[in-house]
Amino acid sequence: MWGRAGPSIRAARPGKVRMTLGGPLYALYTRRLRRQVVAGPLPTHVGLVMDGNRRWAREMGMANPSLGHRYGAEHAEDVLSWCEAVGIRHVTVFVCSTENLQRRGDAEVAFLMGVIEQVVSDRLGRPDARWRVHLAGMLDALPDSTARVLKDAVETTRTCETGFHVTLAVGYGGRQEVIEALREHLHERAEAGDSLADAAASLTMDDIARHLYTAGQPDPDLVIRTSGEQRMSNFLLWQSAYSELYFCEAYWPAFREIDFLRALRSFAARGRRHGG
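Since we're looking at a predicted model, the values are computed, not measured.

With respect to the overall build of the chain
Of the regular secondary structure elements, the chain holds 10 helices and eight strands. Whereas a compact globule of 276 residues would reach a radius of gyration of roughly 19 Å, the chain reaches 19 Å, a difference of no more than 12%. Out of the 276 residues in the chain, the part that is buried amounts to 47%. For the chain, contacts bridging at least 24 residues in sequence account for 77% of all contacts bridging at least 6. Carbon and sulfur atoms provide 51% of the accessible area of the chain, an area that totals close to 13,500 Å².

This is the structure we're talking about:
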């Protein structure tokens, strides 16, 4: 396992961290929640916005807030194990946005890329990994070493037959993804000898969808964001058109299994309308 933030440390709300005890009562409540959510409708695909790493690190008194990225990355394996336990087979994790690469300082970006490389190569990209790795994002915008590690993880896990799929959104932006999908479609039509007018007249939603990074995968039924922020931040904008959204106040490294199960319970209680 990657290191565990576990149930003992939790951000009760942005700006405040409290210590809670685990033990038999926590385990009992977790099992009860798990039975409840397994009995109800479950999302096929969950999107995760891992927010609050740096704020968590500051609240924990760490001299370097960027260390929160390491704890957050290590905690992702815990959450994947929770998904596996209830049978959720598709997960997309928002690891790093294009805005992160452009707006954060060089030292922080370099540290984050190093964390991604270590965690992916040591855990997700192993030959015995239980999750098949997919990528979403502009790899050309990443350092060569990071892009290489990510591509290697995809190749190494390509034959994974467990049926569990994790998509790592690194250097990702939802608007950019749609632009790239449309550009690829237009290039495809041009190579076939079609005019721009013909391509525009016949354009369908499927034409865009099949060129997205997540082509071939189901759209997310549920998107969970931690840290108390209530916005999408350019994450899976096309794919999440009909997703249910759940916002949790816990910072990502302190996101507990019961927080996750409560999100699933909330999802099961909603009457989904898919735009209706």
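Here the narrative resumes.
A few points about the sheet that holds strand 4 (residues 90-97)
Read from one edge to the other, the open sheet built from six strands follows the order 5-6-4-3-7-8, with strand pairing classed as parallel. With one partner strand each, in any of the chains shown, strand 5 (131-136) and strand 8 (244-247) form the two edges of the open sheet. When the angles between neighbouring strand axes are averaged without regard to direction, this sheet yields 20 degrees. In this sheet, strand 6 (residues 164-172) lies alongside strand 4 in parallel orientation, the contact comprising seven bridges. Residue pairing in the sheet places Cys96 in a bridge with Val170 of strand 6.

A few points about the pattern of salt bridges
Going through the model one piece at a time under the given rule, you end up with 16 salt bridges. Of the charged contacts in the structure, one is a salt bridge between Glu155 and Arg158, with a shortest N-O distance of 2.5 Å. Overall, Arg158 belongs to the partly exposed group, its relative accessible area being 38%. In this structure, Asp207 engages Arg210 in a salt bridge whose closest nitrogen and oxygen atoms are separated by 3.9 Å. Relative accessible area serves as the criterion here: at 13%, Asp207 is assigned to the buried category. Several salt bridges converge on common partners, so that one network encompasses Asp51, Arg55, Arg225, Glu229 and Arg231.

Quick word on the UniProt feature "binding site: Mg(2+)" (unreviewed entry) in the chain
Sites flagged by UniProt as "binding site: Mg(2+)" (unreviewed entry) map to Asp51 and Glu244. Cross-referencing the annotated residues with the lining of the largest pocket gives Asp51. With respect to the helices and strands, the residue Asp51 is situated in the loop between strand 3 (45-49) and helix 2 (53-59). The residues contacting Asp51, other than those within four sequence positions of it, are Arg225, Thr226, Ser227, Glu229, Tyr251 and Trp252. Mapping Glu244 onto the fold places it in strand 8.

Each value, and the rule that gives it
Residues numbered from 1 in each chain as written. Predicted model: local features only at pLDDT ≥ 70, side-chain atom pairs only at ≥ 80, totals over all residues. Heavy atoms only, no water. Helix = DSSP H or I, 4+ residues; strand = E, 2+ residues; numbered from the N terminus. Rg over C-alpha atoms; globule rule 2.2 N^0.38 Å. Buried < 20%, exposed > 50% of the residue type's maximum accessible area, 1.4 Å probe, protein only. Contact = heavy atoms within 4.5 Å. Areas by Shrake-Rupley, 256 points an atom, 1.4 Å probe, with all protein chains shown as cover. Pairing = 2+ DSSP bridges. Axes fitted to C-alpha atoms, helices over the stretch in contact; angles between N-to-C directions. Salt bridge = Lys/Arg side-chain N within 4 Å of Asp/Glu carboxyl O. UniProt positions renumbered as here; feature names shortened; annotations may be inferred. 1 Å grid on protein atoms, 1.4 Å probe; cavity = no way out; pocket = protein on both sides within 12 Å on 5 of 7 lines; lining within 4 Å.

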